[in-house]
Amino acid sequence: MTGTRKTQAVRLSTWRGLPELTEAEVRDPAGDEVLVEVEAVGVCHSDLHVLDALPGALPYRLPFTLGHEIAGRVAAIGAHVQDVTIGERVVVYGPWGCGQCRRCLAGQDNYCDHRAGLGWSGAGLGRDGGMAGHVLVPHSQYLVPTGLDATQAAPLTDAGLTPYHAIAGLGDLGEDSAVAVVGVGGLGHLAVQLLRALTPSRVVAVDTREDALDLARACGAHEGVLAGQATALREGTRFDAVLDFVGTDTTLALGAATLRAGGTLAVLGSGGGHLTIGKPGPLPQGARLTLPFWGTRPDLHAVVALAEAGKLSVTTDVRPLSDAVQAFDDLRSGRVLGRVVLVPQ
Ligand code: FEH
Ligand code: ZN
Ligand code: ZN
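Criteria and cut-off values
Residues numbered from 1 in each chain as written. Chains lettered and ligands numbered in written order. Predicted model: local features only at pLDDT ≥ 70, side-chain atom pairs only at ≥ 80, totals over all residues. Heavy atoms only, no water. Donors = N, O, S within 2.8 Å, 3.2 Å for Na, K, Ca; no water. Tetrahedral: all angles 85-135°; square planar, octahedral: opposite > 155°, others 65-115°. Helix = DSSP H or I, 4+ residues; strand = E, 2+ residues; numbered from the N terminus. Buried < 20%, exposed > 50% of the residue type's maximum accessible area, 1.4 Å probe, protein only. Axes fitted to C-alpha atoms, helices over the stretch in contact; angles between N-to-C directions. Parallel < 35°, antiparallel > 145°, perpendicular 65-115°, else oblique. Contact = heavy atoms within 4.5 Å. Nonpolar A, V, L, I, M, F, W, Y, C, P; charged D, E, K, R; others polar. Pairing = 2+ DSSP bridges.

### Points about the coordination of the zinc ion (ligand 3)
Next, step 1: The protein atoms donating to the zinc ion (ligand 3) are Cys98 (SG), Cys101 (SG), Cys104 (SG) and Cys112 (SG), with metal-donor distances spanning 2.3 Å.
Next, step 2: Seen from the zinc ion (ligand 3), its 4 donor atoms lie at angles of 102 to 117 degrees, and the figure they make is tetrahedral.
Next, step 3: Here the donor residues for the zinc ion (ligand 3) map to a single chain with the spacing C-x2-C-x2-C-x7-C. A residue pair is termed long-range when its members are at least 10 positions apart, and Cys101 in the loop between strand E6 (89-92) and helix H2 (102-105) and Cys112 in the loop between H2 and helix H3 (115-118) qualify at 11 residues.
Next, step 4: Overall, the relative accessible area of 5% leaves Cys101 in the buried class.
Next, step 5: With a relative accessible area of 7%, Cys112 lands in the buried category.

Right, dumping it as structure tokens:
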């Protein structure tokens with residue numbers, strides 16, 4: 001018989017309501033489960049999409065604890081767990097799946113074949129997540145040990161993993177290639193670093209804010225272009241890939257208009273934009289369109305290894321967990337540079 005323990009948690013209880021820092025019960029682990037004491041949890045635009053969702057828009061059941069970008073220490077393990085050690089620091093792979101389908105068995109839980117029937121997308125997305133003192137992780141396979149500082153490690157599980165997975169899907173980019181990073185936020189600034197670490201490409205960052213472009217240059221971007229001046233891009237460079245971390249009508253149109261023939265437009269931002277595909281249409285001949293979602297478990301191991309090798313450095317804005325509602329507001333208002341990381345007190 002497993003017991004429970006109380007934990008502080010930022011929970012959503014009403015659709016379109018404000019999340020609240022409250023006390024929640026978290027069950028002790030059984031079987032393959034692992035209880036993680038949270039040390040750091042990132043704040044993501046996708047959290048805002050959850051907070052803004054109308055009743056019925058998401059298949060999630062309320063209430064649940066938010067937070068899908070988690071690092072902490074193993075606090076307790078279920079009887080079947082043998083591959084993690086109490087007290088070791090881990091990051092949590094967030095897109096939990098059914099655990100039985102061919103995608104999940106292959107470590108591609110982000111593309112679980114049974115996702116539509118699960119009623120949740122993963123930690124903090126319909127299941128209790130890591131904006132809490134503790135989080136119950138369904139299986140130790142979702143944990144990656146790390147020696148990194150927790151506030152550096154947590155963002156790797158989404159802000160690092162998602163662009164890594166998108167870049168891995170681009171295939172080989174030639175020495176003369178160029179890639180645009182549209183939107184230099186939590187994911188975008190790590191995308192710049194990943195592109196510089198993994199490809200020979202010229203990296204051009206596009207954003208509406210000068211401070212974000214300064215961050216992109218500091219992360220290794222060869223050029224930073226203010227979105228308002230992006231028309232210059234239309235006459236200039238043609239990109240072998242455009243990573244759109246915004247996903248609005250404007251950025252999708254810009255990506256399509258600046259893509260090289262045979263190039264890839266990867267849409268990662270959920271900005272609600274649309275692009276009409278046709279022949280003729282806005283995309284060049286041979287264009288590929290991808291909609292990457294998060295990443296695989298092997299991808300997360302690779303991202304952690306890159307960070308531990310000094311190839312990734314997260315620009316963080318570290319705040320107490322109790323600051324969560326303000327952090328959501330700051331993210332929504334564009335007042336965040338890099339990634340907000342919350343720390344339970
Ligand atoms: C999570 C849930 C739904 C859409 C997108 C996301 C991303 O934040 C995960 O990378
Ligand atoms: Zn996210
Ligand atoms: Zn599955």
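### Some details on the packing of helix H1 (residues 45-52) against helix H11 (residues 324-332)
Next, step 1: One can describe the packing of H1 onto H11 by two numbers: an axis separation of 10 Å at closest approach and a directional angle of 105 degrees. In terms of orientation, H1 lies roughly perpendicular with respect to H11. Side by side, H1 and H11 meet where His45, Asp47, Leu48, Leu51 and Asp52 of the first sit next to Phe328, Leu331 and Arg332 of the second.
Next, step 2: Across the contact of H1 with H11, the residue classes break down as 4 nonpolar, 1 polar and 3 charged.

### What to know about the sheet that holds strand E15 (residues 259-267)
Next, step 1: Spatial strand order, E13-E12-E11-E14-E15-E16: 6 strands in an open sheet with parallel pairing. The sheet is open, and its two edges are formed by strand E13 (223-226) and strand E16 (288-290), each paired on a single side. Each adjacent strand pair in this sheet contributes to an overall mean axis angle of 20 degrees, direction not counted.
Next, step 2: With 3 bridges joining them, E15 and E16 adopt parallel strand pairing. Within E16, the position partnered with Leu265 by the bridge is Leu289.

### Topic: the coordination of the zinc ion (ligand 2)
Next, step 1: Coordination of the zinc ion (ligand 2) by the protein involves Cys44 (SG), His68 (NE2) and Asp158 (OD), with metal-donor separations of 1.8 to 2.2 Å.
Next, step 2: One way to put it: the 4 donor atoms around the zinc ion (ligand 2) meet at angles of 99 to 118 degrees, and that makes the site tetrahedral.
Next, step 3: Read from N- to C-terminus, the donor residues coordinating the zinc ion (ligand 2) fall into the pattern C-x23-H-x89-D. Of this pair, Cys44 sits in the loop between strand E3 (34-42) and H1 while His68 sits in the loop between strand E4 (64-65) and strand E5 (70-77), placing them 24 residues apart in sequence. By the burial criterion, Cys44 is buried, and His68 matches it.

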